[in-house]
Amino acid sequence: MELLIMADTHVPKRARDLPAPLWAAVADADVVVHAGDWVDVALLDALAARARRLIGVYGNNDGPALRARLPEVARVELAGLRVAVVHETGPKTRREERCAATYGDCDLLVFGHSHIPWDTVAPGGLRLLNPGSPTDRRAQPHATYLTARVAAGRLDRVELHRLPPR
């Protein structure tokens, strides 16, 4: 199962649309995961129309229309992998310990908010992934997103993709 993981798209505030390579990745993915800060419901509708399966949560920049359609936390099982998705996890200090306490029944936690790519393993084996942002890199050198493969209940490949400058 091929996953496409994104967050902090901020469309149309930071970009008019998702970058073309990201839309191409949507077409290739079995599951698209969005960890919040969509900003406009139009992007949710566009992704829902084009993705085979979409899992998303709302972020701190998402208003009532998005909050009415998306949960704060999503929990799913994908090919045997127990996944949680949330926008915010708090400061980076002690993040792994906090997340292990809250999401310790999961194998993977996908989060956003910081716009900083993140890939660590918490005590107990919880994998934490943040894809960065494909539209608002802030102080990061590149706009980014992630792809991953799930097989037999495990992540066997995670790849950070850098997007070309706009």
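Here, the structure is the one placed above.
Bear in mind the structure is a predicted one, so any value in this text is a computation, not a measurement. Each chain has its residues counted from 1, following the order in which its sequence is written. With pLDDT at 70 or above as the cut-off, local features in this predicted model cover only qualifying residues; side-chain atom pairs require 80 or more to be listed or tallied, and sums for whole chains, interfaces and linings still use all residues. To get the side-chain values, take all heavy atoms of the structure and skip hydrogens and water.

Trainee: Can you lay out the sheet that holds strand 4 (residues 73–78) for me, pointing to particular residues and giving the numbers?
Mentor: In this analysis, strands are considered paired if DSSP registers two or more bridges between them. Elements are defined by DSSP. Helices are runs of H or I of four residues or more, strands are runs of E of two residues or more, and each kind is numbered from the N terminus. Taking strand neighbours across the sheet as the criterion, the five strands line up as 4-5-6-8-7 in an open arrangement whose pairing is mixed. Only two strands of the sheet have a single partner each, and these edge strands are strand 4 and strand 7 (118–121). With strand direction ignored, the average angle separating the axes of adjacent strands in the sheet is 15°. Judged from the four bridges that link them, strand 7 and strand 8 (residues 127–130) form a sheet pairing that is antiparallel. Fitted lines through C-alpha atoms give the axes, limited to the stretch in contact for helices. The angle between two N-to-C directions lies from 0 to 180 degrees.

Trainee: I'd like to hear about helix 2 (residues 41–50), residue by residue, with values.
Mentor: Burial status follows relative accessibility: with a 1.4 Å probe on protein chains alone, a residue under 20% of its type maximum counts as buried, one over 50% as exposed, and anything between as partly exposed. Looking at helix 2, one finds that the buried residues are Leu43, Leu44 and Leu47. Considered in projection along helix 2, the buried side chains sweep an arc of 100° and stay on one side of the axis. On its buried face, helix 2 sits against strand 1 (2–6), helix 1 (20–28), strand 2 (31–34), strand 3 (54–56) and helix 3 (64–69). This arc corresponds to the set of directions leading from the helix axis out to the C-beta atoms. Residue contacts are counted whenever heavy atoms from the two residues lie within 4.5 Å of one another.

Trainee: Could you give me a rundown of the packing of aromatic side chains, with the residues and numbers involved?
Mentor: Two rings from Phe, Tyr or Trp (for Trp, the six-membered ring) form a pair when their centres are within 6.5 Å of each other. A pair whose planes differ by under 30 degrees is stacked, one over 60 is edge-to-face, and the rest are tilted. Overall, the coordinates contain zero aromatic pairs when judged by the stated rule. The criterion is that NZ of a Lys, or CZ of an Arg, lies within 6 Å of the ring centre and within 35 degrees of the ring normal, and then a charge sits over that ring. Of note, Arg95 hangs over the ring of Trp118, and the distance from its end group to the ring centre comes to 4.5 Å.

Trainee: Could you give an account of the side chain of Asp62, with specific residues and numbers?
Mentor: Looking at the element boundaries, Asp62 is found in the loop between strand 3 and helix 3. The side chain of Asp62 is buried and forms no salt bridge, while Arg67, the nearest opposite charge, is found at 6.5 Å. Pairs of N or O atoms are called polar contacts if they sit within 3.5 Å, as long as, within protein, a hydrogen donor faces a hydrogen acceptor (for residues adjacent in sequence, only side-chain-to-side-chain pairs). One polar contact links the side chain of Asp62 to the main-chain amide nitrogen of Gly59, over a distance of 2.6 Å. Other than its neighbours up to four places away in sequence, Asp62 contacts Gly36, Asp37, Trp38, Val39, Val57 and Arg67. For the charge count, each Lys or Arg is scored as positive and each Asp or Glu as negative, with His and the chain ends excluded. Criterion for a salt bridge: a side-chain nitrogen of Lys or Arg within 4 Å of a carboxyl oxygen of Asp or Glu.

Trainee: Residue-level account of the sheet that holds strand 1, with values.
Mentor: Pairing is mixed in the open sheet, where five strands are placed in the order 3-2-1-9-10. At either end of the open sheet lies a strand with only one pairing partner, and these are strand 3 and strand 10 (154–163). Recorded for the sheet is a direction-independent mean angle of 20° between the axes of neighbouring strands. One ladder, built from four bridges, connects strand 1 with strand 9 (residues 143–151); its direction is antiparallel. Looking across to strand 9, one finds that Ile5 is bridged to Leu146. Sheet strands touched by helix 1: strand 1, strand 2, strand 9 and strand 10. Its angle to strand 1, the strand with the most contacts, is close to 145°.

Trainee: Tell me about the pairing of strand 2, residues and numbers included.
Mentor: Burial of strand 2 is two-sided: the residues Val31 and Val33 facing one way and the residues Val32 and His34 facing the other way are all buried. Here strand 1 runs beside strand 2; their pairing, made up of four bridges, is parallel. Residue pairing for strand 2: Leu3 is matched across the bridge by Val31. Here a crossover is taken to be right-handed if, once the strands point away from the viewer, the path from the first strand over the helix to the second is traced clockwise. The β-α-β motif built from strand 1, the intervening helix 1 and the parallel element strand 2 has right-handed crossover chirality. In this structure, strand 2 lies alongside strand 3, joined through three bridges in parallel fashion.

Trainee: Help me get a handle on the pattern of salt bridges, residues and values and all.
Mentor: Scanning the model with the defined rule gives nine salt bridges in all. Residue Arg157 is joined to Glu2 by a salt bridge in which the shortest nitrogen-to-oxygen separation is 2.5 Å. Here Arg157, found in strand 10, pairs with Glu2, found in strand 1; they are 155 residues apart in sequence, far enough to count as distant. For Arg127, the salt bridge goes to Asp119, with nearest N and O atoms at 2.6 Å. Judged by relative accessible area, which is 43%, Asp119 ranks as partly exposed. Salt bridges sharing common partners tie together Glu2, Arg149 and Arg157.

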